Amino acid sequence: MAIHERSLVDPERVLRKERLVIDGVDVSGDWNLIILPRVINDYDLEFLDEVLQQPEGKTITQCYQCSYCTASCPVHNYWDERYNPRHFIYLARLGLIDELQKRADVMWRCVSCHKCTHRCPKGVLVEEVLKAILRVMAKRGIIEEYPSKKFDKFFLESVYEYGRIEDGELLFGWVEKQGYQVVKDPILKKPIPFVGGVPDWLKQLAAKPLKSMNIGFLVLNAKHMLFHPRTKNWNRFKQVLRKVMEEEGVFTH
Ligand code: SF4
Ligand code: SF4
């Protein structure tokens, strides 16, 4: 499996001279680039076994490193080139845990668009495989929880509670988790919007419908925030969700 992207090679291993003459022949040019070899002996092949044991990780061995997934990935292309699905798969297969750990700060950034999976000529379920890699890393305690992962948990717990997405509860609950003070009414114990600490991004978000005077939107949201309609027969499905959340290590109650 070859490394395709120059950005993935440590800069100190790349040698390039402005002018290179060998045996009297001037070989200066674009191809005058030498990558110093390295010997790696701190790999852990059990890591791959653990990924393969995850239901989502089974297709990892089908990858032949063509890089279509990375070329399609919006996170790689528009956000941060360090987010590289093909490379994560490459590192996981070789058991290069340290290298995966170096990229731990970007590995949670998948937005689940599935472009990678759609494009993969080998049928690798790329997004699922990446989740399996992250799960094994989390189980081993070698990756921290990142904000997006924390939000996933919070989101699931909220759905678990109400059987549906409660926008206000979710939004202000998350704001509170970020350290802002959220004031709740004394009777229903529901957050009172825009009383207490409010982050700037939320003020801007709220200003949009206010500017366009979308009163219906505001009334609907206010009603939903005060009276949470519950999903019918939610308790039956709740048990199934609870089991899944326990298996995923998400449940924190
Ligand atoms: S597109 Fe598929 S085969 Fe190609 S590198 Fe990505 S996962 Fe591997
Ligand atoms: S699903 Fe994730 S890894 Fe795949 S293309 Fe979308 S953002 Fe990239």
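Residues numbered from 1 in each chain as written. Chains lettered and ligands numbered in written order. Predicted model: local features only at pLDDT ≥ 70, side-chain atom pairs only at ≥ 80, totals over all residues. Heavy atoms only, no water.

**Side note on the site of ligand 2**
Thought 1: Taken together, 14 residues are adjacent to ligand 2, and Cys73, Cys110, Cys113, His114 and Cys116 come closest.
Thought 2: A per-class count over the shell around ligand 2 returns ten nonpolar, two polar and two charged. (Near = heavy atom within 4 Å. Nonpolar A, V, L, I, M, F, W, Y, C, P; charged D, E, K, R; others polar.)

**Describing the site of ligand 1**
Thought 1: In the vicinity of ligand 1, 14 residues are found, and the nearest of them are Cys63, Cys66, Ser67, Cys69 and Cys120.
Thought 2: Elements that contribute at least two residues to the shell around ligand 1 include exactly helix H2 (68-72) and helix H4 (85-94).
Thought 3: Along the lines of polarity and charge, the residues of the shell around ligand 1 split into ten nonpolar, two polar and two charged. (Helix = DSSP H or I, 4+ residues; strand = E, 2+ residues; numbered from the N terminus.)

**Brief notes about helix H12 (residues 234-248)**
Thought 1: Taking 1.5 Å of rise per residue, 15 residues should cover 21 Å, and H12 covers 20 Å from first to last C-alpha, within 8% of that figure.
Thought 2: Among the structural elements, helix H8 (147-162) are those in contact with the buried residues of H12. (Expected span 1.5 Å × (residues − 1). Contact = heavy atoms within 4.5 Å.)

**Here we look at the packing of aromatic side chains**
Thought 1: Scanning the entire structure with this criterion turns up four aromatic pairs.
Thought 2: Note on Phe151 and Phe155: the rings are 6.2 Å apart at their centroids and 45° apart in plane angle, and the pair reads as tilted. Here Phe151 and its partner Phe155 are both found in helix H8, four residues apart, which amounts to about one turn of the helix.
Thought 3: Judged by relative accessible area, Phe155 falls into the partly exposed class, the value being 29%.
Thought 4: A ring pair is formed by Phe154 and Trp174, whose centres lie 5.9 Å apart and whose planes are at 35°; its orientation type is tilted. (Phe/Tyr/Trp six-rings, centres within 6.5 Å; stacked < 30°, edge-to-face > 60°. Buried < 20%, exposed > 50% of the residue type's maximum accessible area, 1.4 Å probe, protein only.)

**Considerations on unusual backbone geometry**
Thought 1: One non-glycine residue, Ser112, lies in positive phi territory at about 55°.
Thought 2: The class for Ser112 is partly exposed, based on a relative accessible area of 35%.
Thought 3: Positive phi outside glycine occurs at His114, with the angle close to 65°.

**Brief notes about the packing of helix H1 (residues 46-53) against helix H7 (residues 126-139)**
Thought 1: Their axes nearest at 9 Å, the elements H1 and H7 cross at an angle of 120°. The angle between H1 and H7 places the two elements in the oblique class. In this structure, the crossing between H1 and H7 has a hand that is right-handed. Residues Phe47, Glu50 and Val51 of H1 form the contact with H7, whose participating residues are Ala132, Ile133, Val136 and Met137. (Axes fitted to C-alpha atoms, helices over the stretch in contact; angles between N-to-C directions. Parallel < 35°, antiparallel > 145°, perpendicular 65-115°, else oblique. Left-handed = near helix turned anticlockwise from the far one by under 90°.)

Just distances and angles here, no functional claims.
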